[in-house]
Amino acid sequence: MASTDKMSPRDRLLDAAARLSYRDGVSVGIEALCREAGVSKRSMYQFFDSKDAMLAASLERRIPRYDAQLAPPDPEAATPRERILYVFERLERASAAADYHGCPYLAVLVELKNPEHPASVVARAVKDRLAERFRADAERGGARDPELLARQLVLVFDGASARAGAKVEHLGDGLATATVTALLDAAGMR
């Protein structure tokens, strides 16, 4: 990350929104966001129509990093099965961090409960893209029912992420990948 003194006020706001909403939830106040970013409320409203718009922009800005974290180093060389398993291996590794609070996109959907909220729209698109990625890999890997397998994989991903984020489950023992391996085998995936 760039030095905060070289970042624009807009970028500092987006980073603050990402950090605080992930750590404290989307109900974090505007004052706290502006204080964290070192930006006045007046300036914030020059960049964003509302806190909701800022939260949505913050989530959009995180998508490339999120996607990169879940992509194997050489996606073209990996088999569809390896690409799917890599996602869960990354989840297991990420969940070991002390500051891990689960999938940020799932957290937004759960907290907001409003599918029309701008941040919910962004979060839902990210989750839908992950499901489509699983479906496409399942199809390429010869799964009998790629759509069903994709739904199962998202369910395991979100459930494992939420439980690890709530600190009620530790994924360091490979539980997520073992569960996914069983699903891939049962689906006839190569």
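Check the entry above for the structure.
Keep in mind it's a predicted model, so treat the numbers as computed, not measured.

*Asks:* I tried to follow the nonpolar core on my own but got confused; where do I start?
*Replies:* Generally speaking, nonpolar side chains in soluble globular proteins are found buried as a group. With 40 residues, the main nonpolar core has Phe88, Phe134, Leu149 and Phe157 as its most contacted residues. Of all the secondary structure elements, the ones that give two or more residues to this core are helix 4 (51-70), helix 5 (80-95), helix 6 (104-112), helix 7 (118-140), helix 8 (146-165) and helix 9 (175-186). At 8 residues, the largest contribution of residues to this core is made by helix 8. Phe134 has contacts with Ile84, Val87, Phe88, Ala150, Leu153 and Val154, leaving out every residue within four places of it along the chain.

*Asks:* Looking at this model, I keep getting lost on unusual backbone geometry. Mind explaining?
*Replies:* Where the residue is not glycine, phi is negative for most of them; where a peptide bond is considered, it is trans in most cases. A positive phi angle, near 60°, is found at Lys113, a position not held by glycine. Of note in this structure, Lys167 is not a glycine but carries a positive phi near 65°. Turning to its location among the elements, Lys167 is positioned in the loop between helix 8 and helix 9. On the accessibility criterion, Lys167 (40% relative accessible area) is partly exposed.

*Asks:* Which parts of the structure should I look at to understand the packing of helix 5 against helix 7?
*Replies:* Between two packed helices, the angle of one axis relative to the other and the distance separating the axes together describe the packing. At a minimum axis separation of 8 Å, helix 5 and helix 7 run at an interaxial angle of 145°. Judged by residue contacts, Pro80, Arg83, Ile84, Val87 and Phe88 of helix 5 engage Arg133, Phe134, Asp137, Ala138 and Arg140 from helix 7. Within the contact of helix 5 with helix 7, the residues separate by chemical class into 6 nonpolar, no polar and 4 charged.

*Asks:* Help me out: how do you make sense of the packing of aromatic side chains in this one?
*Replies:* Any aromatic ring pair is given by two values, namely how distant the centres are and how the planes are angled relative to each other. Scanning the entire structure with this criterion turns up 3 aromatic pairs. Linked through ring pairs, Phe88, Phe134 and Phe157 together constitute an aromatic cluster.

*Asks:* What is the right way to look at the packing of helix 5 against helix 9 in this model?
*Replies:* Two elements in contact, helix 5 and helix 9, have axes separated by 8 Å at closest approach and are oriented at 160°. Between helix 5 and helix 9, the crossing angle belongs to the class labelled roughly antiparallel. Handedness of the crossing formed by helix 5 with helix 9: right-handed. Contacts between helix 5 and helix 9 pair Arg81, Ile84, Leu85, Phe88, Glu89 and Glu92 from the former with Leu175, Ala176, Thr177, Val180, Thr181, Leu184 and Asp185 from the latter.

*Asks:* Is there a simple way to think about the side chain of His117 in this case?
*Replies:* Mapped onto the elements of the fold, His117 is located in the loop between helix 6 and helix 7. Among the polar contacts listed, one links the side chain of His117 to the side chain of Asp52, at a separation of 3.0 Å. Engagement of the side chain of His117 in a polar contact is seen with the backbone nitrogen of Ala119, the distance being 3.0 Å. If sequence neighbours within four positions are ignored, His117 has contacts with Asp52, Leu55 and Leu112.

Criteria and thresholds
- Residues numbered from 1 in each chain as written.
- Predicted model: local features only at pLDDT ≥ 70, side-chain atom pairs only at ≥ 80, totals over all residues.
- Heavy atoms only, no water.
- Core = buried A, V, L, I, M, F, W, Y, C linked by side-chain atoms within 4.5 Å.
- Buried < 20%, exposed > 50% of the residue type's maximum accessible area, 1.4 Å probe, protein only.
- Helix = DSSP H or I, 4+ residues; strand = E, 2+ residues; numbered from the N terminus.
- Contact = heavy atoms within 4.5 Å.
- Axes fitted to C-alpha atoms, helices over the stretch in contact; angles between N-to-C directions.
- Nonpolar A, V, L, I, M, F, W, Y, C, P; charged D, E, K, R; others polar.
- Phe/Tyr/Trp six-rings, centres within 6.5 Å; stacked < 30°, edge-to-face > 60°.
- Parallel < 35°, antiparallel > 145°, perpendicular 65-115°, else oblique.
- Left-handed = near helix turned anticlockwise from the far one by under 90°.
- Polar contact = N/O pair within 3.5 Å; in protein donor to acceptor, adjacent residues only side chain to side chain.

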